[in-house]
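Secondary and tertiary structure notes
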Amino acid sequence: MKLFEYEAKEIARRYGVPIPSGIVVSSPEEARAAFEKLNQPSMIKAQVLVAGRGKAGGIKPASNSGEAFEISGSILSTIIKGEKVTKVLVEQRVASKHERYVSIVVDRSSRAYTILCSTEGGVDIEQVADQSPEKIVRYKVDQLVNLQDYEGRIIAKHLGCSGKQINELARIIGKLFQILLDYDAELVESNPLIETESGDFVAADLRILLDDNSLFRHPEFLARMKNFEPDMTPLEIKAREKNLSYVELDGDVGIIGNGAGLVMATLDMILDYKGKAANFCDVGGGADEERTAAALEIVLANPKVKVLLINIMGGITKCDDVARAILDIQKRMEISKPMVIRLVGTNEEEGHKILTAANIPSLNSMEEAAAKAVEIASKVK
Amino acid sequence: MPILIGKETHAIVQGITGSQGAYHTQQMLQEGTKIVAGVTPGRGGASVQGVPVFDTVEEAKRRFEVDASIIFVPAPFAKDAALEAIASDLNPVVIITEGIPVKDEIQLMEIARRKNTTVIGPNTPGIITPAECKLGIMPGHIFKPGRIGLISRSGTLTYEIAASLTNAGLGQTTCLGIGGDPVVGLTFVDVLEMFRKDPQTSAIAMIGEIGGNAEEKAAEYIIDTKYPKPIAAYIAGRGAPPGKKMGHAGAIVMGKTGTAETKIDALQAAGVKIAFKPSEIAGHLKLQ
């Protein structure tokens, strides 16, 4: 789960990480008052979770309270990459002499937290990583010993610091690491970490990504996640409430399967038969009748779906349960869309029997089922 | 000799009194696995499917000969359970549980590494040496003894491919899921190395998916070792939506890896036969 910039910075402030003074507001009137309180040239920054807000016009300077009113008004009425702006951060403008990049991230292959940093921070950091990877310093943290001050100093030296700056940057990196541990974050990233004219450091931007699996330890965010996720569609939110893994796509073949790998393989096959999937929907390895019914309801609620392909490899999931779930929902909803069902594994014969008796064709082969679904989709107007 | 588990493996089930733990204990026993004890703190003295339950792993180990553990404990308590197994020198430790926080996984794997314990998972269907031992939740009847080693990052897709191998007359030495989480105990490289040393395994089926760079690392390893056994691979996710991106840091830490294309290209360059449908794996291995 991503935190908003203002939330990340509030955490940073409490940990003693230097950040620009700022006030988060949700109306132009409040923005004007915030500017007057800060009483210096400011930036008006849209608080959205999508990346690339700067290039999309979500960050603009304001030199007086009138501008703060006007600019925040225009930003607050926009939608950035599909996300409605409901809050802006009015923040002190910090002049920068040098921009650095610092992040802490989970590196799968070394199974450890890794600190990434570069003297060349700013919006083009990915390009730097791509074209001159030697300019990115990687530092693996020993997970049992934790990050020590001396390690922060090594990193600070690599980032071209000298004198007092070494201890200060080491302190900041230590605090960012502590935030990562305390909040169970998967990512803490400051880009840019600004060096001011006077040689001080300021985290001008800060991103924190929490580990969804750890939210049971952070109930304050768990509650928010349930209520609010701006980059999800209504059906995706509904699916999450039912604990289903569902992602909406652009095509017209609705897909339900059990197990992420199997559903991915089904999408691949639809692609190979020149079809387009309408969604990814994984009911999970242990799907029962209730979960299957919930998945059917959600996938069929997407008006783009012309045909529904159900692919079940029975293991823990029993094929006869799936077959009964299909009949059950057929009774409850009026399903006018054609269905193609592929059932194999535990209790497959009974599953086929139940479906055949209800006049629903079911197949054994994944290939045949995918081909048939694509063919049907191409015929439906 | 299969890898990691066999006829002689004696195992405990941690979280045996939960519904998943109890159900799969029954399944594993039915398929001939030697489950000698269960552990659920606070439920010592109970019995599940005739298997005695203890409060601690240490106690179970004192009373029985135990080698390995399979864990069904809920995510908030899974790290603790795994550390308890590791502390009692059980090996391997199979963690079925999904949804474990990544911080717990990182700490757990580091401790396992220092104690030379093999962790399978988390978020895995487990491991099976057909007709000998199963520490997992896969349907046992789709597997048959034979000479193919199977490694996978997926669950049901593993069953799909194992079933097609079995139907094609290709039995398996050992099949294992390394787990679907970002941080897991075994890599493809670790398991390929075990299969390389196992004289009974004559060919390998590998099932990968988008995300991470485990498949690319496997390709490097196959080239470096001039891997002596034929490998066929299926990579899921050519048509999948791009997953959760971790901003700049995610892109930097991964470099140019992680897509189905980078994985397929790397494996093909290493001489691995690529299956574009799950059902093609059996064909590729049969021709060997």
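Computed from a predicted model, the values in this text were never measured in an experiment. Residue indices follow the written sequence of each chain, beginning from 1 at its first position. Lettering for chains starts from A, numbering for ligands starts from 1, and both go in the order in which the items are written. Selection of residues for local features in this predicted model requires a pLDDT of at least 70, selection of side-chain atom pairs for listing and counting requires 80 or more, and totals for whole chains, interfaces and linings are taken over all residues.

**Some words on the overall build of chain A**
A helix here means a DSSP run of H or I that spans at least four residues, while a strand means a run of E at least two residues long, and both kinds are numbered starting from the N terminus. When you go through chain A residue by residue, the secondary structure sums to 13 helices and 18 strands. Along the first, second and third principal axes, the C-alpha set of chain A runs to 80 × 50 × 40 Å. Each residue is classed by its C-beta neighbour count within 10 Å, where at least 20 other C-beta atoms makes it buried, 12 or fewer makes it exposed, and intermediate counts make it partly exposed; the C-beta atoms are placed from backbone geometry. Per-residue burial for chain A yields a buried fraction of 48% across its 381 residues. Within chain A, residue pairs in contact and separated by at least 24 positions form 69% of the contacts whose partners lie at least 6 positions apart. A pair of residues counts as a contact when their C-beta atoms, built from backbone coordinates, are within 7 Å of each other.

**Description of the overall build of chain B**
Within chain B, the regular secondary structure consists of 10 helices and 14 strands. Taken against the 2.2 N^0.38 rule, which gives 19 Å for 288 residues, the C-alpha radius of gyration of chain B at 19 Å falls within 12% of a compact globule. With the C-alpha coordinates of chain B rotated into their principal frame, the extents come out at 55 × 45 × 30 Å. For chain B, with 288 residues in total, the buried portion stands at 57%. The globule rule used for comparison is 2.2 Å times the number of residues to the exponent 0.38, while the radius of gyration itself is calculated over C-alpha atoms.

**Side note on helix α13 (residues 366-379) of chain A**
One turn of the α-helix equals 3.6 residues, which is why residues spaced by three or four share an orientation. Residue and element names in this part refer to chain A. Between the first and last C-alpha of α13 there are 20 Å, a value that for 14 residues agrees with the 20 Å anticipated at 1.5 Å per step. All of the buried residues along α13 are M366, A369, A370, A373, V374, I376 and A377. Projected onto a plane normal to the axis of α13, the buried residues spread over an arc of 165° and lie on a single side. The exposed set on the far side of α13, more than 90 degrees from its buried face, consists of E368 and K379. A helix's residues, less one, multiplied by 1.5 Å, set its expected span. Comment: arc refers to directions from the helix axis out to C-beta atoms.

**Points about the packing of helix α11 (residues 319-332) of chain A against helix α12 (residues 348-357) of chain A**
Residue and element names in this part refer to chain A. Working convention: axes come from line fits to C-alpha atoms, limited for helices to the stretch in contact. Angles between N-to-C directions cover 0 to 180 degrees. Close contact between α11 and α12 brings their axes to 7 Å; oriented N to C, the two are set at 20°. Between α11 and α12, the angle falls in the class roughly parallel. The handedness of the crossing between α11 and α12 is right-handed. Residues C319, D320, V322, A323, R324, I326 and L327 of α11 touch α12, and the partners they reach there are E348, E350, G351, I354 and L355. Per-class residue counts for the contact of α11 with α12 are seven nonpolar, one polar and four charged. Relative orientations are named as follows: roughly parallel for angles under 35 degrees, roughly antiparallel for angles over 145 degrees, roughly perpendicular for angles from 65 to 115 degrees, and oblique for any other angle. The sense of a crossing depends on the near helix, which, turned anticlockwise from the far helix by less than a right angle, makes the crossing left-handed and, turned clockwise, makes it right-handed. Three classes are used, and their members are as follows: Ala, Val, Leu, Ile, Met, Phe, Trp, Tyr, Cys and Pro are nonpolar, Asp, Glu, Lys and Arg are charged, and the others, Gly among them, are polar.

**Comments concerning the interface of chain B and chain A**
Reports often express the size of an interface as the amount of accessible area lost when the parts come together. Across the contact, 45 residues belong to chain B and 55 residues belong to chain A. Sorting the residues of the side of chain B that touches chain A by element identifies α3 (75-87), α4 (102-114), α5 (156-167) and α8 (247-254) of chain B as the ones contributing at least two each. If one sorts the elements of the side of chain B that touches chain A by residue count, α8 of chain B sits on top with seven residues. Tallied by class, residues from the side of chain B that touches chain A come to 24 nonpolar, 14 polar and seven charged.

**A word on the sheet that holds strand β12 (residues 203-209) of chain B**
All names here are of chain B. Pairing is mixed in the open sheet, where seven strands are placed in the order β9-β8-β11-β10-β12-β13-β14. Across the chains shown, the open sheet's two edge strands, defined by having one partner strand only, are β9 (133-136) and β14 (273-275). Each strand of the sheet is rotated relative to its neighbour by a mean of 20°, with strand direction disregarded. A pair of strands counts as paired when DSSP detects no fewer than two bridges linking them. Sheet topology places strand β10 (residues 145-152) next to strand β11 (residues 172-177); five bridges connect them, and they run parallel. Its bridge partner being in β11, I148 is matched across the sheet by Q172.

**Topic: the nonpolar core**
Only buried residues count toward a nonpolar core: Ala, Val, Leu, Ile, Met, Phe, Trp, Tyr and Cys, linked into one set through C-beta atoms within 7 Å. In this structure, I71 and A205 of chain B are the most contacted members of the largest nonpolar core, which totals 191 residues. Setting aside residues no more than four positions away along its own chain, A205 of chain B makes contact with I148, L150, I161, L165, A232, I281 and L285 of chain B. With 18 residues, the next largest nonpolar core counts V24, F35, V48 and V88 of chain A among its residues.

**Considerations on the domain arrangement of chain A**
Domain annotation for chain A reports domain 1 (21-92), domain 2 (98-221) and domain 3 (234-379). Domains are outlined according to an automatic or database domain assignment. Placing a centre on the C-alpha atoms of domain 1 of chain A and another on those of domain 2 of chain A gives a separation of 26 Å.

**Regarding the domain arrangement of chain B**
All names here are of chain B. Under the domain assignment used here, chain B contains domain 1 (10-120) and domain 2 (126-286). For domain 1 and domain 2, the distance between their C-alpha centres works out to 25 Å. Taken residue by residue, the interface counts 18 residues in domain 1 and 14 residues in domain 2. Elements that contribute at least two residues to the side of domain 1 that touches domain 2 include exactly α1 (19-30), β5 (68-71), α4 and β7 (119-120). If one sorts the elements of the side of domain 1 that touches domain 2 by residue count, α4 sits on top with five residues.

**Some words on the sheet that holds strand β4 (residues 51-54) of chain B**
All names here are of chain B. Ordered by their spatial adjacency, seven strands build an open sheet running β3-β4-β2-β1-β5-β6-β7, and the pairing between neighbours is mixed. At either end of the open sheet lies a strand with only one pairing partner, and these are β3 (47-48) and β7. Note that strand β6 (residues 93-95) and β7 share two bridges and pair parallel. When the bridges of β7 are listed, V94 appears paired with I120. The strands touched by α1 are β1 (10-14), β2 (34-39), β3 and β4; relative to β2, the strand with the most contacts, the crossing angle is about 165°.

**With respect to the confidence of the model for chain B**
Averaged over every residue, the pLDDT of chain B is 92; the share at 70 or more is 93%. Two summary scores accompany this predicted model of the complex, namely pTM at 0.91 and ipTM at 0.88. pLDDT is defined as a per-residue confidence score from the predictor, taking values between 0 and 100.

**Examining the environment of E5 of chain A**
Residue and element names in this part refer to chain A. Along the chain, the position of E5 falls in helix α1 (residues 5-14). Residue classification places E5 among the buried residues on the basis of 24 C-beta atoms within 10 Å. Each C-alpha atom, one on E5 and one on R342, is 46 Å from the other, the two residues being 337 residues apart in sequence. With residues near it in sequence (within four places) discarded, E5 still touches K45, Q47, L89, D205 and L206.

**Brief notes about the environment of E375 of chain A**
Take E375 of chain A: it is sitting in helix α13. C-alpha separation for the pair E375 of chain A and V307 of chain A, spaced 68 residues apart in sequence, amounts to 9.6 Å.

**As for the pairing of strand β14 (residues 253-257) of chain A**
Successive residues of a regular strand alternate their side chains across the two faces of the sheet. Residues and elements named next belong to chain A. For β14, the buried fraction is high: five of the five residues fall into the buried class. The alternating pattern of β14 places V253, I255 and G257 and G254 and I256 on opposite faces, both of which are buried. Alignment of β14 against strand β16 (residues 307-314), held across five bridges, turns out to be parallel. Residue pairing across strands places I255 opposite L309, the latter belonging to β16.

**Some points on unusual backbone geometry**
All names here are of chain B. With an omega of 5°, the peptide bond between N91 and P92 qualifies as cis. Structurally, the position occupied by P92 is in the loop between α3 and β6. Following G121, the chain continues into P122 via a peptide bond in cis, with omega recorded as 5°. With respect to the helices, strands and loops of the structure, P122 is situated in the loop between β7 and β8 (126-129). With phi around 60°, N116 is a residue other than glycine that occupies positive phi space.

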